[in-house]
Amino acid sequence: MKDNYGRIINYMRISVTDRCNLRCAYCMPDEGIENIGHDHILSFENIERIVKASVDLGIKKFRITGGEPLVRKGIVELVRKISQIDGVEELAMTTNGILLSKYAEDLKKAGLDRVNISLDSLNHTKYNKITRGGDLNEAFAGINAAVNAGLTPVKINVVAMKGFNDNEIIDFVQLTYQHPYEIRFIELMPVGHANAEQYGVITVDEIKEKLPALRPANQNEGVAEIFKYPGAKGTLGFISPLSRHFCGDCNKIRLTADGKLKPCLLSNAEIDLNEVLNQGNDEKLKDVIKDVILNKDEKHHLDEGAAPIERDMNKIGG
Ligand code: SAM
Ligand code: SF4
């Protein structure tokens, strides 16, 4: 359905947990987080109810995220349940990939279409540092498992950070000569824990300056601008939520693991679905979701000095 600004809202990102097996420095505090209690995490049944209501409102694409979605118990079963709902046309997942070598094949069989995998460094020591303990070999094993299982095209998310990975841009570009990945550089956003971090933002324009002779490639539907080097198997994507906001093309809403709908990632607004879920009235649930879509803000106001986002990304579902 369309919102009040004429945008077609057809995409929902579902966070299935706030827990994670890594502690990326810009996403979570070192000591970990106070987890949402099990009682407050949406049940699979309630997630299914929300997906069914959303499909009726014209949402067709769903992405499962977190926290780390693969640490949620029964995740393959949840993928199966969602993929079998009539009207779900595309089901993807964003993951750090650490557990993908274990789950990729089962996820594909359960109906997952593809994955985005987060990988902020190609250097073992730096990867271990930014994730506070992650093993780059495991992330690569996950990427390979995703390719072998057909969870393709694999997209790789790289959060660009000044003083951390700005000297690795060319190394990431090299990967697109060897593999048909879409490597997506994402601007660091002032969300949750990133507000307290030391790393600086590199804008998409600053990255592009390091990359002469980029050629625009076929644009897909998402928010990334896509480019390619001649002869490369893969592509490069640039996502600039801050320097050039794409609010005019926004097509999504987000569901947090504790049952709040967020009309915009970069706003503190959230609408609690728990009350209407507890009432057991799915027509009313649909009305609430419809209202959230209709009242989505025209744009975020972070660049105009709005308050930073309080929830950490692991609690929103990036
Ligand atoms: N754990 C999974 C993962 O890392 O892919 C899914 C959840 S994670 C919150 C989703 C994405 O958000 C990741 O690609 C992560 O790098 C990104 N992210 C987290 N905090 C961010 C921030 N402050 N700015 C930009 N991207 C961020
Ligand atoms: Fe975990 Fe993903 Fe956040 Fe890293 S970015 S701490 S992998 S939720």
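Described in the following lines is the structure provided in the data block. (Residues numbered from 1 in each chain as written. Chains lettered and ligands numbered in written order. Predicted model: local features only at pLDDT ≥ 70, side-chain atom pairs only at ≥ 80, totals over all residues. Heavy atoms only, no water.)

## Let's talk about the site of ligand 2
What counts, and what does not: Each residue is tested against the molecule or strand, and it is near if at least one of its non-hydrogen atoms lies within 4 Å. Three residue categories are used. Nonpolar comprises Ala, Val, Leu, Ile, Met, Phe, Trp, Tyr, Cys and Pro, charged comprises Asp, Glu, Lys and Arg, and polar comprises the others, including Gly.
Around ligand 2 sit Cys20, Leu22, Arg23, Cys24, Cys27, Gly67 and Asn96, and that is every residue in its neighbourhood. Considering only residue class, the shell around ligand 2 consists of 4 nonpolar, 2 polar and 1 charged.

## Some points on the environment of Ile271
Spelled out, the test is: We count a stretch as a helix when DSSP gives it H or I for four or more residues in a row; a strand needs E for two or more, and each element gets its number in order from the N terminus.
Assignment of secondary structure puts Ile271 in strand β13 (residues 271–272). Between the C-alpha atoms of Ile271 and Lys299, which are 28 residues apart in sequence, the distance is 18 Å.

## Section: helix α9 (residues 282–294)
Inclusion rule: To estimate how far a helix should extend, the number of its residues minus one is multiplied by 1.5 Å. Buried, partly exposed and exposed residues are distinguished by accessible area as a fraction of the type maximum, computed with a 1.4 Å probe on protein chains only: under 20%, between the cut-offs, and over 50%, respectively. The directions from the helix axis to the C-beta atoms are what the arc is built from.
Look at α9: 18 Å from first C-alpha to last across 13 residues, which is about the 18 Å you get at 1.5 Å a residue. By the burial criterion, the buried members of α9 are Leu285, Lys286, Ile289, Val292 and Ile293. For α9, the angular spread of the buried residues around the axis is 120°, confining them to a single face.

## Some details on the pairing of strand β4 (residues 114–118)
The criterion, for reference: Between any two strands, at least two bridges found by DSSP are needed for them to pair. By definition, the crossover connecting two strands over a helix is right-handed if that path, from the first strand to the second, turns clockwise as seen with the strands pointing away from the viewer.
Within β4, 4 of the 5 residues are buried, which leaves the element mostly enclosed by the surrounding structure. Both strand β3 (residues 90–95) and β4 contribute to a ladder of 4 bridges, which runs parallel. The partner of Thr95 across the bridge, within β4, is Ile117. In this fold, the crossover linking β3 to β4 by way of helix α3 (residues 100–110) has right-handed handedness. Across 3 bridges, the pairing between β4 and strand β5 (residues 155–162) is parallel. Across the sheet, Asn116 pairs through a bridge with Lys155, a residue of β5.

Distances and angles like these do not, on their own, reveal function.
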